[in-house]
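Residue strings, one per chain:
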Amino acid sequence: MRKLIEFQNIVKSFNDSLVLKGINLSIHENEFVTLLGPSGCGKTTLLRILGGFISQNEGHVYFDDIEISNVPPYKREINTVFQRYALFPHMNVFDNVAFGLRIKKQDKNTIEQKVKKMLKLVNLEGYEDRPVTLLSGGQQQRVAIARALVNEPMVLLLDEPLGALDLKLRKEMQIELKKIQQEVGITFIYVTHDQEEALTMSDTIVVMNAGEIQQIGTPTDIYNEPENRFVADFIGESNILEGVMLEDYKVKFDDQVFECIDYGFEDNLEVDIVLRPEDIDIVPIEMGRIKGVIKSSLFKGVHFEVVVETPYREWIIHTTDKVEVDKEVGLHFFPEDIHIMYKMGTY
Amino acid sequence: MKGYASLVKPYILWMSLFIVVPMLLIVLYAFTEHGNALMAFRFTLDNFMRFFDPVFIKVLFKSLEVAIITTVLCIIIGYPIAYIISNTSERTQTLLILLITLPMWINMLVRTYAWISILSDGGILNSIFEFFGLAPIKMMYTDFAVMLGMVYNFLPFMIISIYTVLAKLDRALIHASHDLGANPIQTFLRIVLPLSMPGVISGITLVFLPAVSTFVIPKFLGGGQYMLIGNLIENQFITVGEWNFGSAISLIMAVIIMGSMILTRKIDRDASDTASVEGGKLW
């Protein structure tokens with residue numbers, strides 16, 4: 001895939017506080033990229049820099065190999081779906097969607113055709129004459145998407161577009177957005193703090209924290225191979241522990257040595273270790289690699305969330321079996337379930 | 001809540017005594033014949049008929065003309081100021097709005113007197129002209145002086161009512177417009193201006209209504225010859241002692257003012273029907 005956008009060492013500060021600390025990132029054609037991170041991590045700022053609404057203090061933004069830092073937003077081939085939609089309240093659905101085309105002075109018939117086609121794509125046929133203020137949140141959302149996409153941009157920016165919708169609608173829209181992206185075949189850059197949303201829709205996830213990129217990878221990479229404690233903690237639930245990498249394939253934690261599949265670390269290096277709750281099995285005490293007592297079991301729908309206490313820590317385990325509280329049990333996991341990470345700041 | 005409802009009674013009494021009764025008296029005077037003898041009312045429409053004299057109609061049109069020009073000037077001057085203020089930082093906004101409202105803390109009469117000492121033949125402006133060797137200009141008692149006084153006095157109302165709407169305007173809408181390819185001028189014409197119309201319209205009401213009935217400004221800056229409808233009414237009551245005729249003119253003015261209020265409200269409602277709800281209304 002062709003590289004479409006490149007951020008080079010983007011630094012941005014607001015009133016002395018550093019929001020972006022040198023971001024380097026490439027985004028390709030037809031890619032669905034998600035910028036994921038907690039609020040205040042700089043993801044929206046990065047998106048706004050690309051949209052042209054704010055400018056960086058340092059660094060360069062390239063679009064199709066052309067530096068666009070000094071190009072005003074109205075001259076960029078990028079369109080945005082704003083956080084709270086930002087629909088024009090004095091216009092109906094049709095006029096909102098047609099806005100960009102009218103600015104480009106396309107002829108009336110073309111505009112009508114394109115708007116109709118776009119409203120069909122977002123499932124809003126027959127809503128042309130409705131005032132946008134009378135639409136539901138989900139419908140406004142669709143108008144915002146149609147209004148941006150009708151301009152046939154090369155890149156669509158989406159700034160937490162589903163944040164204001166309820167859970168069910170959000171899930172539907174996630175699937176729909178992914179479908180739309182595949183249909184129109186353009187680059188989507190999506191900002192969210194919702195890790196599940198990111199895992200569902202993205203080709204590539206960029207995990208950010210405190211103005212820095214923590215990891216770039218596919219959803220499975222990010223989930224299964226988190227690069228550090230922050231990523232492991234932010235994406236899904238995890239048991240994160242500290243240990244020592246004795247030598248290749250051997251890690252020690254909780255005063256026990258375990259076999260693992262990771263290698264290439266320095267001998268005796270202190271590391272962080274991730275064990276996903278669904279990778280740990282509760283077994284009879286004599287078969288376990290670690291022994292503990294079940295402290296609690298919470299029904300979560302698909303699974304139980306079980307907390308097992310050992311002398312060293314509490315483990316979170318997801319299991320579909322019902323377990324007895326206060327029972328002594330063993331915990332079992334395989335070498336490939338242990339994921340070793342460098343401690344933050346040491347790589 | 002019910003217990004508090006009776007608290008409104010003193011206000012009703014107050015308002016009846018000092019607002020409703022005087023207004024009824026005006027109506028009474030307007031429809032009755034000459035004289036202050038309380039017991040000798042005689043119904044007549046003569047007071048109204050008298051007004052339809054070319055001399056008085058001319059005064060009415062002059063008043064409307066001055067008020068309309070004042071309003072238009074206030075829009076032309078006030079809109080850009082309101083726009084610029086709404087685009088500054090929040091702290092600057094507070095400061096500038098304070099500066100604009102500051103003169104209103106001082107009585108209008110005093111401010112108008114101040115203009116006299118600026119504009120008069122030996123006043124500040126002419127002294128400056130003289131200093132630069134320019135011939136003195138006659139400014140007092142001209143249309144210019146009256147218009148200046150009017151715009152000066154009523155401009156803050158226009159600025160503030162437009163500013164209130166502009167300040168509430170969602171910045172994201174402007175970003176969205178830029179995002180869709182509209183340059184700053186297109187964005188202003190298609191987004192900012194239509195969405196700020198409710199502010200302009202309430203500004204028109206706030207400026208036009210007092211401007212059409214003012215008598216202090218034309219009296220001081222226009223001189224004794226400068227006759228607007230407000231001065232005419234004042235004269236009838238104070239100088240001539242024709243309370244009945246004065247009351248009739250007041251009523252005619254009231255009808256004109258009410259009519260223009262209904263009209264502006266209607267325009268506003270039509271505008272906001274298409275402009276929908278969020279534009280921010282001041283009434």
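What you are looking at is a predicted structure, and each value in this text was computed from that prediction instead of being measured.

(A) Region of interest: the overall build of chain B. The helix and strand tally for chain B stands at 13 helices and 0 strands. Of the regular secondary structure in chain B, the N- to C-terminal order runs α-α-α-α-α-α-α-α-α-α-α-α-α. Referenced to the eigenvectors of the C-alpha coordinate spread, the extents of chain B come out at roughly 75 × 70 × 40 Å. Out of the 283 residues in chain B, the part that is buried amounts to 41%. Taking the contacts inside chain B whose residues are at least 6 apart along the sequence as the reference set, 69% of them involve residues at least 24 apart. Here chain B displays about 16100 Å² of accessible surface, and carbon together with sulfur accounts for 74% of that area.

(B) Up close: the environment of A:Val244. Residues and elements named next belong to chain A. Position of Val244 relative to the elements: it lies in strand S11 (residues 239-247). Looking at Val244, the relative accessible area reads 25%, which means it is partly exposed. Separated by 11 residues in sequence, Val244 and Asp255 place their C-alpha atoms 9.9 Å apart.

(C) View of the confidence of the model for chain B. Residues and elements named next belong to chain B. In the predicted model, chain B carries a mean pLDDT of 87, and the fraction of residues at 70 or more is 92%. Note that residues 275-283 has pLDDT below 50 and, in this model, 25 contacts with residues that lie over four places away or in other chains. Scoring of the predicted complex yields 0.80 for pTM and 0.82 for ipTM.

(D) Spatial organisation of the packing of helix H2 (residues 93-103) of chain A against helix H4 (residues 137-149) of chain A. Residue and element names in this part refer to chain A. In contact at an axis separation of 7 Å, H2 and H4 are set at 30° when each is read in the N-to-C sense. In terms of orientation, H2 lies roughly parallel with respect to H4. Our pair here, H2 against H4, has a crossing hand that is right-handed. Contacts from Val93, Asn96 and Val97 of H2 reach H4 at Val143, Ala146 and Arg147. In the contact of H2 with H4, the residues fall into 4 nonpolar, 1 polar and 1 charged.

(E) Quick peek at the interface of chain A and chain B. With 24 residues of chain A at the interface, the matching set in chain B holds 23 residues. The contact between chain A and chain B buries some 2000 Å² in all, and 66% of this surface belongs to carbon and sulfur atoms. Across the contact surface, chain A and chain B share 0 salt bridges. Every element with two or more residues in the side of chain A that touches chain B is listed here: strand S6 (78-81), H2 and H4 of chain A. When residues of the side of chain A that touches chain B are assigned to their parent elements, the largest contribution, 4 residues, is made by H2(A).

(F) Here's a closer look at the packing of aromatic side chains. Across all of its chains, the model carries 26 aromatic pairs over all chains by this definition. Ring centres of A:Phe258 and A:Phe333 lie 5.5 Å apart, and the angle between their planes is 40°; on these two criteria the pair is classed as tilted. Taken together, the positions of A:Phe258 in strand S13 (residues 256-259) and A:Phe333 in the loop between strand S19 (328-332) and strand S20 (339-342) put the pair 75 residues apart, joining distant regions of the chain. Of the two residues, A:Phe258 and A:Phe333, neither departs from the other in class, the shared state being buried. Members of the aromatic cluster, connected to one another through ring pairs, are A:Phe253, A:Phe258, A:Trp315 and A:Phe333. Above the ring of A:Phe88, the side-chain terminus of A:Arg147 is found at 4.6 Å from the ring centroid. Cation over ring: B:Arg50 sits above B:Phe245, and NZ or CZ is 4.1 Å from the ring centre.

(G) Representation of the pattern of salt bridges in the model. All names here are of chain A. Scanning the entire structure with this criterion turns up 21 salt bridges over all chains. A salt bridge links Arg2 to Glu29; its shortest N-O distance comes to 2.8 Å. Taken together, the residues span a long stretch of sequence, with Arg2 in the segment before strand S1 (3-14) and Glu29 in the loop between strand S2 (17-28) and strand S3 (32-36) at a distance of 27 residues. Ionic pairing is found between Glu6 and Lys3, a salt bridge with its closest N-O pair at 3.0 Å. Judged by its relative accessible area of 34%, Lys3 falls in the partly exposed class. The structure contains a network of salt bridges with shared partners spanning Arg229, Glu242, Asp272 and Lys343.

(H) Region of interest: the sheet that holds S19(A). Residues and elements named next belong to chain A. Read across the open sheet, the 5 strands follow the order S15-S19-S16-S17-S18; overall the sheet is antiparallel. Looking at strand neighbours, the two that pair on one side only are strand S15 (281-283) and strand S18 (314-319), the edges of this open sheet. On average, adjacent strands in this sheet sit at an angle of 45° to one another, irrespective of strand direction. Of the strand pairs in this sheet, strand S17 (residues 304-309) and S18 are connected by 6 bridges, and their pairing is antiparallel. Looking across to S18, one finds that Val307 is bridged to Ile316.

(I) Examining the packing of helix H5 (residues 90-101) of chain B against helix H8 (residues 143-168) of chain B more closely. Residue and element names in this part refer to chain B. Where H5 meets H8, the closest approach of the two axes is 10 Å, and the angle between their N-to-C directions is 160°. Put simply, H5 runs roughly antiparallel to H8. As H5 runs across H8, the sense of the crossing is left-handed. Contacts from Gln93, Ile97, Ile100 and Thr101 of H5 reach H8 at Pro156, Ile159, Ile160, Tyr163 and Ala167. In terms of residue class, the contact of H5 with H8 is built from 7 nonpolar, 2 polar and no charged.

(J) Here's a closer look at unusual backbone geometry. Residue and element names in this part refer to chain A. Positive phi outside glycine occurs at Asp16, with the angle close to 75°. Inspection of the secondary structure puts Asp16 in the loop between S1 and S2. Here Lys105, not a glycine, exhibits a phi torsion of approximately 55°, which is positive.

(K) Local environment of the nonpolar core. A:Phe88, A:Phe99, B:Phe51 and B:Ile229 are the most contacted members of the largest nonpolar core, which has 70 residues in total. Each residue touching B:Ile229, except ones within four places of it in the same chain, is listed here: B:Phe51, B:Val59, B:Leu60, B:Ser63, B:Val212, B:Ser213, B:Ile249 and B:Met253. Within the second largest apolar cluster, 36 residues are counted, among which are A:Tyr85, A:Leu87, A:Ala98 and A:Leu162.

(L) A look at the side chain of A:Glu128. All names here are of chain A. Take Glu128: it is sitting in the loop between helix H3 (108-121) and H4. The side chain of Glu128 sits in the buried core without any salt bridge; Lys116 is the nearest counter-charge, 4.4 Å away. Engagement of the side chain of Glu128 in a polar contact is seen with the backbone nitrogen of Gly126, the distance being 3.2 Å. Look past the residues within four positions of Glu128 in its chain and what remains in contact with it is Asn92, Val93, Phe94, Lys116 and Leu119.

(M) A nonpolar patch on the surface, seen in detail. Taken together, the side chains of B:Val8, B:Tyr11, B:Ile12, B:Leu13, B:Trp14, B:Met15, B:Leu17, B:Phe18, B:Ile19, B:Val20, B:Met23 and B:Leu24 define a hydrophobic patch exposed on the protein surface, amounting to about 1300 Å² of accessible area. Assignment of secondary structure puts B:Ile12 in helix H2 (residues 9-30).

(N) Fine view of the sheet that holds strand S12 (residues 250-253) of chain A. All names here are of chain A. Across the sheet, 5 strands lie side by side as S13-S12-S11-S14-S20; this open sheet has antiparallel pairing. Because the sheet does not close on itself, it has two edges, and the strands there are S13 and S20. Put simply, the sheet's adjacent strands are angled 45° from each other on average, direction ignored.

Conventions adopted
Residues numbered from 1 in each chain as written. Chains lettered and ligands numbered in written order. Predicted model: local features only at pLDDT ≥ 70, side-chain atom pairs only at ≥ 80, totals over all residues. Heavy atoms only, no water. Helix = DSSP H or I, 4+ residues; strand = E, 2+ residues; numbered from the N terminus. Buried < 20%, exposed > 50% of the residue type's maximum accessible area, 1.4 Å probe, protein only. Contact = heavy atoms within 4.5 Å. Areas by Shrake-Rupley, 256 points an atom, 1.4 Å probe, with all protein chains shown as cover. pLDDT = per-residue confidence, 0-100. Axes fitted to C-alpha atoms, helices over the stretch in contact; angles between N-to-C directions. Parallel < 35°, antiparallel > 145°, perpendicular 65-115°, else oblique. Left-handed = near helix turned anticlockwise from the far one by under 90°. Nonpolar A, V, L, I, M, F, W, Y, C, P; charged D, E, K, R; others polar. Buried area = accessible area lost by both parts, 1.4 Å probe. Salt bridge = Lys/Arg side-chain N within 4 Å of Asp/Glu carboxyl O. Phe/Tyr/Trp six-rings, centres within 6.5 Å; stacked < 30°, edge-to-face > 60°. Lys NZ or Arg CZ within 6 Å of the ring centre and 35° of its normal. Pairing = 2+ DSSP bridges. Core = buried A, V, L, I, M, F, W, Y, C linked by side-chain atoms within 4.5 Å. Lys, Arg positive; Asp, Glu negative; His and termini not counted. Polar contact = N/O pair within 3.5 Å; in protein donor to acceptor, adjacent residues only side chain to side chain. Patch = residues over 30% accessible without salt bridge, like charges linked within 9 Å, V, L, I, M, F, W, Y side chains within 5 Å.

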